[in-house]
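Okay, here's what each chain looks like letter by letter:
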Amino acid sequence: MGKVDGGKTITYVDGAWVDGNPALARPRDHGFWLGSAVFDGARALAGQLPDLDRHCARVIASARIMGLAPEITASEIETLSRQGVAKFPDDAELYICPMFYASGGFITPDPESTRFVLSIIDTPLPEAEGFSAGLTKFRRPARDMAPTDAKASCLYPNVARGVKEATDRGFDVGVVLDPSGNVAEFSYTNLFMAKDGVVHTPAINGTFLNGITRQRVITLLRESGIEVNERAIQFDELLEADELFATGNYAKVVPCTKIEDLTLQPGPIYQQARELYFSYSDGCR
């Protein structure tokens, strides 16, 4: 499903834009040492900025969940993002990554030390070639075990364990369960299943993020007349699916073409979801 290793990068830090990926963290910075960092990811696709306002609002919410105190507003982050996007060619495909972290504090972060950084990276949208997935034993944590309502960097080492387990078995990503044993998501994207013309996706239960692209695709599918059920899904149901696909900010809407021993083809509902999403994004400037 691709990775953000990108080309040209510009970064807004301490009130100015600088080229590249500047060295910022110090050994005793709370975000480096004790994990207070949060981030979000938005996309600019040839000048289209789908749901940028919602991504900017979410990074503020994530920061507050982690005990940080942002001094910049979501609207100001959006304005800076547009300013940065304008520094690239009009047809560029970009990854927009606002971040907050604390530089001070011990165990709990010092809210007054909250820092803001915004990186914009030249990263083309991956081709929708399909990906494979296998069940991983590493589950999503419950809300009382981790800051699951935030897009927090500290959650990603557990994601990485599941990805490593899946790739060691020959798959691209894992299928992750929640603490109750129901399907939560693919390793780092929201999961959709189509069966007999109906779309099913795990209900939001506080263990994984209600993705912004997920929400948009659900709305677009329902508006087009397709039934979407948000409910508890058992892993074995995925092995009887007609279609599986994923949504996420980085690649948007992509098909799962293999799960365990089951091979799937990109199907008509996936195709419709992708077409609906990119038709919607065409008007987001």
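Everything below is about the structure shown above.
Quick notes on the rules
- Residues numbered from 1 in each chain as written.
- Predicted model: local features only at pLDDT ≥ 70, side-chain atom pairs only at ≥ 80, totals over all residues.
- Heavy atoms only, no water.
- Phe/Tyr/Trp six-rings, centres within 6.5 Å; stacked < 30°, edge-to-face > 60°.
- Helix = DSSP H or I, 4+ residues; strand = E, 2+ residues; numbered from the N terminus.
- Buried < 20%, exposed > 50% of the residue type's maximum accessible area, 1.4 Å probe, protein only.
- Lys NZ or Arg CZ within 6 Å of the ring centre and 35° of its normal.
- Expected span 1.5 Å × (residues − 1).
- Arc of directions from axis to C-beta.
- Contact = heavy atoms within 4.5 Å.
- Axes fitted to C-alpha atoms, helices over the stretch in contact; angles between N-to-C directions.
- Parallel < 35°, antiparallel > 145°, perpendicular 65-115°, else oblique.
- Left-handed = near helix turned anticlockwise from the far one by under 90°.
- Nonpolar A, V, L, I, M, F, W, Y, C, P; charged D, E, K, R; others polar.

*Asks:* Explain the packing of aromatic side chains to me, please; I cannot follow it from the model alone.
*Replies:* The description of an aromatic ring pair rests on the distance of the ring centres and on the angle between the ring planes. Inspection of every chain in the model, using the stated rule, returns 11 aromatic pairs. Between Tyr-12 and Trp-17, the ring centres sit 5.4 Å apart and the planes meet at 65 degrees, which makes this aromatic pair edge-to-face. Where Phe-192 meets Phe-245, the ring centres are 5.1 Å apart and the plane angle is 5 degrees; that geometry is what we call stacked. One end of the pair, Phe-192, is in strand 12 (residues 190-195); the other, Phe-245, is in strand 15 (residues 243-248), with 53 residues separating them in the sequence. Under the relative-accessibility criterion, Phe-192 is labelled buried at 0%. Each residue in the set Tyr-12, Trp-17, Phe-100 and Phe-116 is aromatic and connected to the rest through ring pairs, giving one cluster. Its guanidinium or amino end placed over the ring of Phe-88, Lys-8 lies 4.7 Å from that ring's centre, counting from NZ or CZ. Lying over the aromatic face of Tyr-250, Arg-43 brings its terminal NZ or CZ to 4.7 Å of the ring centre.

*Asks:* Honestly, helix 4 (residues 156-168) in this entry has me stumped. Any pointers?
*Replies:* In an α-helix there are 3.6 residues to a turn, and that puts residues three or four apart on one side. Taking 1.5 Å of rise per residue, the 13 residues of helix 4 would be expected to cover 18 Å, and the 18 Å separating its terminal C-alpha atoms lies within 8% of that figure. Of the residues making up helix 4, those classed as buried are Val-159, Gly-162, Val-163, Glu-165 and Ala-166. Taken end-on, helix 4 shows its buried residues confined to a sector of 160 degrees, consistent with a single buried face. Buried positions along helix 4 lie against strand 9 (131-135) and strand 10 (173-177). The positive-phi residue at the C-terminal boundary of helix 4 is Gly-170, with phi of around 95 degrees.

*Asks:* How should I be thinking about the environment of Glu-127 in this particular structure?
*Replies:* Summarising the element assignment, Glu-127 is placed in the loop between strand 8 (114-122) and strand 9. A residue is classified by how much of its surface remains accessible, and Glu-127, at 63% relative accessible area, is exposed. A sequence separation of 124 residues divides Glu-127 from Ala-251, and the C-alpha atoms of the two residues are 8.1 Å apart.

*Asks:* Would you mind going over unusual backbone geometry with me for this structure?
*Replies:* A negative phi angle characterises most non-glycine residues, just as the trans form characterises most peptide bonds. Residues other than glycine seldom take positive phi values, yet Asp-51 does so here, at roughly 55 degrees. With respect to the secondary-structure elements, Asp-51 resides in the loop between strand 4 (42-45) and helix 2 (52-65). Phi is positive for Lys-252, which is not a glycine, with a value near 70 degrees. Looking at the secondary structure, you find Lys-252 in strand 16 (residues 252-259). Residue class for Lys-252 comes out buried when judged on its relative accessible area of 1%.

*Asks:* Mind showing me how you'd approach the environment of Leu-24 here?
*Replies:* With respect to the secondary-structure elements, Leu-24 resides in the loop between strand 2 (16-19) and helix 1 (30-33). In this structure Leu-24 comes out as partly exposed when scored by relative accessible area, which is 26%. For the pair formed by Leu-24 and Val-13, sequence separation is 11 residues and the distance between their alpha carbons is 9.1 Å. Discounting residues that sit within four places of it in the chain, Leu-24 has contacts with Val-13, Asp-29, Tyr-101, Arg-115 and Val-117.

*Asks:* What am I meant to see in the packing of helix 2 against helix 5 (residues 212-223) here?
*Replies:* Working note: a packed helix pair is described by the angle between its axes plus the distance between those axes. Following both chains from N to C, one finds helix 2 and helix 5 inclined at 140 degrees, their axes separated by 10 Å at the closest point. The angle between helix 2 and helix 5 places the two elements in the oblique class. Between helix 2 and helix 5 lies a crossing whose hand is right-handed. Residues Arg-54, His-55 and Arg-58 of helix 2 form the contact with helix 5, whose own contacting residues are Ile-212, Gln-215 and Arg-216. Tallied by class, residues from the contact of helix 2 with helix 5 come to one nonpolar, two polar and three charged.

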